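Chain by chain, the residues:
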Amino acid sequence: MSLMVLTQLADIPASQWDALTPNDQPFLRHAFLSALEESGAVSRASGWQPQHLLWLEDGMPRAAMPGYAKHHSMGEYVFDHAWAEASERAGIPYYPKWLSGVPFSPVSGARLLGDEQAAAQLLQAVPTFLEQQQLYSGHINFSDDRVRQALQQDPLWLPRLGCQYHWHNRGFRDFQDFLDLLTSRKRKQLRKERELVASQGVEFVWYQGAELDETQWDFVYACYANTYLIRGRQPYLPRTFFSLLAERMPQAIRVTIASQRGEPVAMAFSLVDGDTFYGRYWGCLEEFNRLHFETCFYQGMEYAIAHGLKRFDAGAQGEHKLIRGFEPVLTESWHLLRHPGLQDAVAGFLDQERDGVRAWAEEARSALPWRQGDGQ
């Protein structure tokens with residue numbers, strides 16, 4: 001039995017890596033993670049240096065954790081910038097650190113992959129790995145129940161809560177079925193938003209990954225990049241990532257393109273698995289009243305209803321999702337800081353933060369648009 005560090009996912013066959021993943025969630029697949037690497041989105045130069053952990057038995061991988069050595073905290077969506085700044089002020093090194101998660105994707109899911117016993121041994125080896133690699137902290141972001149069960153009694157790892165907003169398909173026959181659950185005022189608001197988009201002559205067409213040609217992918221990327229460029233930031237993903245993903249995992253890709261008088265003006269890029277619709281990226285090249293809500297939310301909700309998907313995960317943040325029926329969902333991450341003083345300080349902060357996050361999630365439910373008696 002031994003621990004192996006992969007500095008590129010290409011060093012393991014896709015079949016071996018995917019055999020360790022517990023379900024068909026696209027973000028953990030070899031195709032998705034290797035496309036990030038081969039496109040240059042994650043690399044030493046971008047500050048996301050691949051350091052995936054494998055647990056080998058008889059030379060074969062039995063467990064794994066996707067992971068990255070990092071020299072910054074960008075693109076994680078679990079924000080520890082304040083910890084890094086406090087550490088720097090105290091003269092305590094914070095970077096490099098090690099992160100187990102999916103780059104640029106605030107999606108909860110498995111982080112411990114593979115056989116249960118082997119995965120437990122791999123997780124126990126992480127603190128030693130951090131010390132040997134001179135990594136000052138370890139972080140497991142947007143983890144699942146398996147990680148919680150393994151770490152909740154381990155004093156080395158500190159739990160952190162976050163809050164997202166997910167929409168649930170309650171067996172709706174169509175979008176009107178969903179509207180019927182809302183208060184009259186919210187129902188009118190959503191209808192008005194959709195009517196405003198339709199009145200501007202905007203129409204939508206859905207595509208799967210294999211149905212888009214490279215010209216359409218150019219448009220998708222231009223929209224995606226524009227959401228960053230208008231804020232003076234560079235996009236996380238390069239153009240080649242989208243072509244690589246379309247080549248390797250087309251069955252999971254869903255793109256809706258909005259057009260006006262036959263000219264494309266906006267798009268939303270999403271991924272799907274057996275029961276969940278994951279809204280990821282959106283962008284527009286022209287501004288239209290309420291187009292964001294239609295493209296990012298209502299189109300996805302209608303798609304989920306039409307295809308029997310149970311959940312719509314629209315990503316991080318966004319309290320504006322509440323009035324559109326996206327319910328608060330707690331997320332969980334785990335953190336190990338090797339400096340004892342910093343670990344103690346962060347532990348105290350997280351104790352207070354967890355109470356605040358739980359209170360906010362409970363309070364947020366009061367903003368949901370359900371008619372009285374329909375919120376359960």
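Quick look at the structure, then. (Residues numbered from 1 in each chain as written. Predicted model: local features only at pLDDT ≥ 70, side-chain atom pairs only at ≥ 80, totals over all residues. Heavy atoms only, no water.)

1. Things to note about the overall build of the protein
For the protein, the count of helices and strands is eleven helices and 15 strands. A compact globule built from 376 residues should have a C-alpha radius of gyration of about 21 Å, and the protein, at 21 Å, falls within 12% of that. For the protein, the C-alpha atoms occupy an extent of roughly 60 × 45 × 40 Å along the three principal directions. A buried classification covers 56% of the 376 residues belonging to the protein. Contacts spanning at least 24 positions in sequence make up 76% of the contacts within the protein whose residues lie at least 6 apart. In the structure as shown, the protein presents an accessible area of about 16800 Å², 48% of it carried by carbon and sulfur atoms. (Helix = DSSP H or I, 4+ residues; strand = E, 2+ residues; numbered from the N terminus. Rg over C-alpha atoms; globule rule 2.2 N^0.38 Å. Buried < 20%, exposed > 50% of the residue type's maximum accessible area, 1.4 Å probe, protein only. Contact = heavy atoms within 4.5 Å. Areas by Shrake-Rupley, 256 points an atom, 1.4 Å probe, with all protein chains shown as cover.)

2. What to know about helix 9 (residues 239-248)
Counting buried residues in helix 9 gives seven out of ten residues, a clear majority hidden from the surface. Restricting attention to buried positions, one finds in helix 9 the residues Arg239, Phe241, Phe242, Ser243, Leu244, Leu245 and Ala246. Where helix 9 is buried, its residues contact helix 2 (30-38), helix 8 (214-229), strand 11 (253-260), strand 12 (263-272) and strand 13 (276-284).

3. Overview of the sheet that holds strand 6 (residues 97-100)
A sheet is described by the order of its strands in space; here eleven strands give the open sequence 2-5-6-8-15-9-14-13-12-11-10, paired in mixed fashion. The two strands at the open ends of the sheet, each matched to only one other strand, are strand 2 (48-50) and strand 10 (202-208). In this sheet, neighbouring strand axes are inclined to one another by 30° on average, regardless of whether the strands run parallel or antiparallel. Note that strand 5 (residues 68-70) and strand 6 share three bridges and pair antiparallel. Paired with Lys70 across the two strands is Lys97, which belongs to strand 6. (Pairing = 2+ DSSP bridges. Axes fitted to C-alpha atoms, helices over the stretch in contact; angles between N-to-C directions.)

4. What about the environment of Ile257?
With respect to the helices and strands, the residue Ile257 is situated in strand 11. C-alpha of Ile257 to C-alpha of Met267: the two residues are ten residues apart in sequence and 4.4 Å apart in space. The contacts of Ile257, once residues within four sequence positions are left out, are Glu203, Phe204, Val205, Tyr207, Leu212, Phe219, Pro264, Ala266 and Met267.

5. Let's talk about the nonpolar core
One finds Phe32, Leu237, Phe242 and Phe269 to be the most contacted residues of the largest nonpolar core, which totals 52 residues. Among the elements of the structure, helix 1 (14-20), helix 2, strand 3 (52-57), helix 8, helix 9, strand 11, strand 12 and strand 13 are those that each provide at least two residues to this core. The leading source of residues in this core is helix 8, at eight residues. Excluding residues within four positions of it along the chain, Phe242 makes contact with Trp217, Val220, Tyr221, Tyr224, Leu237, Phe269 and Tyr281. (Core = buried A, V, L, I, M, F, W, Y, C linked by side-chain atoms within 4.5 Å.)

6. Observations regarding the sheet that holds strand 7 (residues 113-114)
Spatially, the four strands line up as an open sheet ordered 1-3-4-7, and their pairing is antiparallel. Since the sheet does not close on itself, it has two edges, and those belong to strand 1 (2-6) and strand 7, each with one partner. Of the strand pairs in this sheet, strand 1 and strand 3 are connected by five bridges, and their pairing is antiparallel. Looking across to strand 3, one finds that Leu3 is bridged to Trp55. Packed onto the sheet, helix 4 (residues 116-132) meets strand 1, strand 3, strand 4 (60-65) and strand 7 and runs at close to 125° relative to strand 3.

7. Side note on the pattern of salt bridges
Summed over all chains, the structure comprises 20 salt bridges. The residue Glu332 makes a salt bridge to Arg148 at a minimum N-O spacing of 2.9 Å. One end of the pair, Glu332, is in strand 15 (residues 327-337); the other, Arg148, is in helix 5 (residues 145-151), and 184 residues separate them in sequence. Take Arg148: its relative accessible area is 30%, and that puts it in the partly exposed class. A salt bridge links Glu353 to Arg160; the nearest nitrogen and oxygen atoms lie 2.8 Å apart. Here Glu353, found in helix 11 (residues 340-364), pairs with Arg160, found in strand 9 (residues 158-168); they are 193 residues apart in sequence, far enough to count as distant. Summarising the burial analysis for this pair, Glu353 and Arg160 share the class buried. Each member of the salt-bridge network shares a partner with another, and the members are Lys70, Glu76, Asp80 and Lys97. (Salt bridge = Lys/Arg side-chain N within 4 Å of Asp/Glu carboxyl O.)

8. Details of the pairing of strand 4
Bridge count between strand 3 and strand 4: five bridges; the pairing is antiparallel. Counterpart to Glu57 in the pairing with strand 4 is Met60. In textbook terms, the turn of a hairpin is the stretch between consecutive antiparallel strands, and for strand 3 and strand 4 this stretch comprises two residues, one of which, Asp58, has a positive phi near 55°.

9. Some remarks on the side chain of His166
Secondary-structure assignment places His166 in strand 9. Here the side chain of His166 touches Gln164 through a polar contact of 3.0 Å, side chain to side chain. At 3.1 Å, the side chain of His166 forms a polar contact with the side chain of Arg311. The residues contacting His166, other than those within four sequence positions of it, are Arg311, Phe312, Asp313, Gly325, Phe326, Glu327 and Val329. (Polar contact = N/O pair within 3.5 Å; in protein donor to acceptor, adjacent residues only side chain to side chain.)

10. A look at the packing of aromatic side chains
Scanning the entire structure with this criterion turns up 34 aromatic pairs. Lying across the ring of Trp48, Lys70 places its NZ or CZ 3.8 Å from the centre. Positioned above the aromatic ring of Trp370, the side-chain terminus of Arg170 is 4.5 Å from the ring centre. (Phe/Tyr/Trp six-rings, centres within 6.5 Å; stacked < 30°, edge-to-face > 60°. Lys NZ or Arg CZ within 6 Å of the ring centre and 35° of its normal.)

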